[in-house]
Each structure stands twice: as structure tokens, then as C-alpha cells.
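The primary structure of each chain is shown beneath.
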Amino acid sequence: NMSPMKLCVPGDKLCSAEDCIPGTGVYLRHGYIYSSLAGYVLRKNEGEELPVISVVRETETQLLPDVGAIVTCKVETYKSFRPGDIVLAKVISLGDVQSNYLLTTAENELGVVVAHSEAGAQMVPISWCEMQCPLTHAKEFRKVARVQPEYLQA
Amino acid sequence: MAGLELLSDQGYRLDGRKATELRKLQARMGVFTQADGSAYLEQGNTKALAVVYGPHEMRGSRSRTLHDRAVINCQYSMATFSTAERKRRPHGDRKSTEMSLHLKQTFEAAVMTQLYPRSQIDIYVKILQSDGGNYSVCVNAATLAVIDAGIPMRDYVCACTVGFVDETPLADLCYAEENGGVSSLALALLPRGGQIALLQMDARLHQDHLETLIEAAMTACKGVSKVLDEVVRQHLQEASVLTGE
């Protein structure tokens, strides 16, 4: 499915646009596909007529989030979060000229991961919309993320 | 006439090179781990250090944000010990500002900025020892640093400073030649496609010589690109050996 990896540098002509579909780390010019990174050439057969050609580096530095990427962020709205909560959110848009990224927590797996109560203790989730303080037993509203059990620390 | 001859009758220059010969070019990538990309480059006695950060969110003036591509922010500076006499003002002077602007224009032509809208890429270059061809050495060092950072580029950017003496173009000028009354021209080239990213000259040159000089500059740049290519490939191989591929 994948052929052995070959070294390439920016500007290297990899193949014609008729042989492959351009992936990441490459660009199209005058009907040919050129590399734009220094790394290894990867040809993958995704099940379509032409293989997808891309260039990868060992250290995949995640430079900027793209649409669909999962990111962590601190938030400031009061409805389902409080200032200082750690939240898992998804990027839905890169925004327009004035505003920056638009994020959503409208999924079961997204929402508050770590929150502290008004007393200052770290709260325990008791449902998808409530968390409880272990010291005062007071409940507070949060939009809780459904984290897989194996990722929860005792 | 006694004194230093820029080009002797046998065709040798002040440092013993031939007219089209480049200075010895040595470079290393990834010299700093805390920066996203870095490179150290020596061309003869001129030494430059280039550091790249980014792409990251716009810092400072948000008003300079471009909605469809990244902003490239370049800063050129010289170390106070880089010249024969200790430099009083390493950055902020006219020459540094002009160089920074030229570097910015050069890399805007090669870096694929449209992949990172509303972000910023910083390129800082410092000359540690100045012996002519400062702009060219900066461009070559910065190219390696940008590649080290993993920022996509159309092609390498290779630069060289050339001059005209006695109807002969001299490639890769050193400080003595630059200040010896040679009409010098600096060219930054994308070698694979043969496209010129920047061409700069502020001396007096006869119109008939211009084409010859540009040709000589392009040949010299292609020579530089071969050496840079070797450096990049070797760095990739070393990195793959370390990760055990």
C-alpha cells in the first residue's frame, strides 16, 4: 500500500499531476507536483484512482490548528464554563478578518475536563451537566466532557 | 600601479580565487533547539546565524494581520564585534532596516504564506563576522533555517553578490572587493525555476554589462544551491539515523 520513503527537498519535482493527487507538504505548478518541505515522500493509495502524494517530516510540528482539529483552551463564558476551567473544544472555522478561531463544545466528548469549585477544590463530574465539590458537596453547572475511562487519572 | 589588484593579469583575485569561484560555504542546521528552526552559515569569512519562529499567532500590532496569508517579520542585525571597528549601533540604523525589508521581500516570494492566514513568521538573522556579501549570506542562512522549521517553501532561496572589474564579472565578493570600487549587484534566486526573488544594485554600471552580470549572478546562485542542497540532505539523513528509521 505504501512504497519505500525517498528523501526530498523544497522545489524537487516529484511527479506529474496525472500520476498522483497532491497531499500535504507539496504544491502544484504547471501540471507537476513539487515538494515544499524537506522530508520523506509518501505515496498512499486511498482507494481512489490516483495515489495521494505528500511529504512528511519526522518531527511533525503541529504548526497551526486546522478545521476539525481538537484543541485545548481556557474559556471565559459563564453558561457552561467558568473562568479557569480547562476545556476540550473543536475548531469549526478559522474565523474572518476581525475574529480569530471559532470553537465548539457541542459534542459529548467535548466540554469541561478540569474545574475548580468556588471553595477552591477540584470538582468531580456527576453527570454531563453537573460537577460536585468534594469538600462542600455543592453542585455546580458545567458542560462536562465525556472522557474515556482509560485517560482518567485516579 | 602599486597597490592591491582586484583581478591580476593571470586572473587571480585578492584571496587567490578565480573570477567565477565562490568562497568556501559551510553550514549547519538545527543549531538551537528552542527555536522552531535555526541555521549557522559561513561563506568565506562572513558568518551568519539565522533563527526562525513560527508560524504563530500575530503578536504586537494586530492591525498588520493579513486575512489570507501569513506576515513575514524579518530582523537583520550585526554583532558589535562583526566588523573591524566595534559597531556602535548594531540595529535600528538605516542599513539594517533596509536589509530587513529586503529579506522580508525575498522570503515573501518563496514561502507559501497563503497556507497560514492571520499568522506571523519571524526570521531573525545576525551577522557574527562581516567580510562582504552580508545580504547574500543572510538569505542563504535564513533559507536553511526556514527549511529546518518545516515551513513550506516553493524552492530554496539562494543569493550571491557579484561585481564587475575589467570587463569580468567576479562572483561572491568579499569586503575588500565590495569597498574597492566594484559595482556590486546582489541577486536572490529560486534555482529550480530560475526565478529572481530580489535583485539589488546601488552602484554605477554600464547598461551593456548588466545582462552579463545577472547571468554570472544566476550561475553563482545555482552553485550555492548545490552546496545548500547537500547540507539539507545530510541533515535529514542524520536526523533519520537518530530516530532509528
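The rules behind these values
- Residues numbered from 1 in each chain as written.
- Chains lettered and ligands numbered in written order.
- Predicted model: local features only at pLDDT ≥ 70, side-chain atom pairs only at ≥ 80, totals over all residues.
- Heavy atoms only, no water.
- Helix = DSSP H or I, 4+ residues; strand = E, 2+ residues; numbered from the N terminus.
- Buried < 20%, exposed > 50% of the residue type's maximum accessible area, 1.4 Å probe, protein only.
- Contact = heavy atoms within 4.5 Å.
- Areas by Shrake-Rupley, 256 points an atom, 1.4 Å probe, with all protein chains shown as cover.
- Rg over C-alpha atoms; globule rule 2.2 N^0.38 Å.
- Expected span 1.5 Å × (residues − 1).
- Arc of directions from axis to C-beta.
- Pairing = 2+ DSSP bridges.
- Core = buried A, V, L, I, M, F, W, Y, C linked by side-chain atoms within 4.5 Å.
- Axes fitted to C-alpha atoms, helices over the stretch in contact; angles between N-to-C directions.

**Student:** Which parts of the structure should I look at to understand the overall build of chain A?
**Tutor:** What chain A contains, in helices and strands, is zero helices and 14 strands. Secondary structure elements of chain A occur, N-terminal to C-terminal, as β-β-β-β-β-β-β-β-β-β-β-β-β-β. For chain A, buried positions account for 34% of its 154 residues. Residue pairs in contact within chain A that sit at least 24 positions apart in sequence constitute 41% of those at least 6 positions apart. As displayed, chain A offers around 9,700 Å² of accessible surface, 54% of which is attributable to carbon and sulfur atoms.

**Student:** I keep staring at the overall build of chain B and nothing clicks. Help me out?
**Tutor:** Along its length, chain B carries four helices and nine strands. In chain B, the order of α-helices and β-strands from amino to carboxyl end is β-β-β-β-α-β-α-β-β-α-β-β-α. Relative to its length of 245 residues, chain B is compact, with a C-alpha radius of gyration of 18 Å against a globular reference of 18 Å. When each of the 245 residues of chain B is scored for burial, the buried share is 52%.

**Student:** Looking at this model, I keep getting lost on the environment of B:Thr143. Mind explaining?
**Tutor:** Residue and element names in this part refer to chain B. Take Thr-143: it is sitting in helix H2 (residues 134–149). The spacing of Thr-143 and Ala-186 is 43 residues in sequence and 16 Å in space, taken between C-alpha atoms. Ignoring anything within four residues of it in the chain, the contact list for Thr-143 reads Phe-107, Met-153, Tyr-156 and Val-157.

**Student:** So what exactly am I meant to see when it comes to helix H1 (residues 94–110) of chain B here?
**Tutor:** Each α-helix turn comprises 3.6 residues. Residues three or four places apart therefore point the same way. All names here are of chain B. The end-to-end C-alpha separation of H1 is 25 Å, in line with the 24 Å expected for 17 residues at 1.5 Å each. For H1, every residue scored as buried is listed here: Ser-96, Met-99, Ser-100, His-102, Leu-103, Thr-106, Phe-107 and Ala-110. Seen along its axis, H1 keeps its buried residues to an arc of 165°; they face one direction. Against strand S4 (71–78), strand S5 (119–129), H2, strand S8 (183–190) and strand S9 (195–201) lie the buried residues of H1.

**Student:** For this particular structure, what's the right way to read the pairing of strand S9 (residues 86–93) of chain A?
**Tutor:** A regular strand carries its side chains on alternate faces of the sheet. All names here are of chain A. Pairing of strand S8 (residues 70–74) with S9 involves five bridges; the strand directions are antiparallel. Residue Ile-70 lies in a different strand from S9, and its bridge partner there is Lys-90. The sheet contact formed by S9 and strand S11 (residues 111–114) spans three bridges and is antiparallel. Residue pairing in the sheet places Ile-86 in a bridge with Val-114 of S11. Bridging between S9 and strand S10 (residues 102–104) involves three bridges; their strand directions are antiparallel. Counterpart to Val-91 in the pairing with S10 is Leu-103.

**Student:** I keep staring at H2(B) and nothing clicks. Help me out?
**Tutor:** For H2(B), which comprises 16 residues, the first-to-last C-alpha distance of 22 Å matches the rise-based estimate of 22 Å (1.5 Å per residue) to within 8%. B:Gly150 lies just past H2(B) and shows a positive phi near 80°.

**Student:** Quick question: what am I supposed to make of the nonpolar core here?
**Tutor:** Among soluble globular proteins, nonpolar side chains are generally buried collectively. If you look at the biggest cluster of nonpolar residues, it comprises 68 residues, and the most contacted ones within it are B:Leu103, B:Phe107, B:Ile123, B:Tyr135 and B:Leu144. Ignoring any residue separated from it by four or fewer positions in sequence, one finds B:Phe107 in contact with B:Ile72, B:Ile123, B:Val139, B:Ala142, B:Thr143, B:Val146, B:Met153 and B:Val157.

**Student:** Would you explain the sheet that holds S9(B) in this entry?
**Tutor:** Working definition: the strands of a sheet are paired by backbone hydrogen bonds and lie parallel or antiparallel to each other. Residue and element names in this part refer to chain B. Taken in spatial order, the four strands make up an open sheet running S7-S6-S8-S9, and their pairing is antiparallel. Each end of this open sheet is capped by a strand with a single partner; those strands are strand S7 (168–171) and S9. Here the average twist between neighbouring strands, direction ignored, is 25°. In this structure, strand S6 (residues 158–165) lies alongside S8, joined through seven bridges in antiparallel fashion. Note on S8: the bridge partner recorded for Val-162 is Leu-185. Sheet strands in contact with H1 are S8 and S9, and its direction is about 165° off that of S9.

In short, geometric facts, not functional conclusions.
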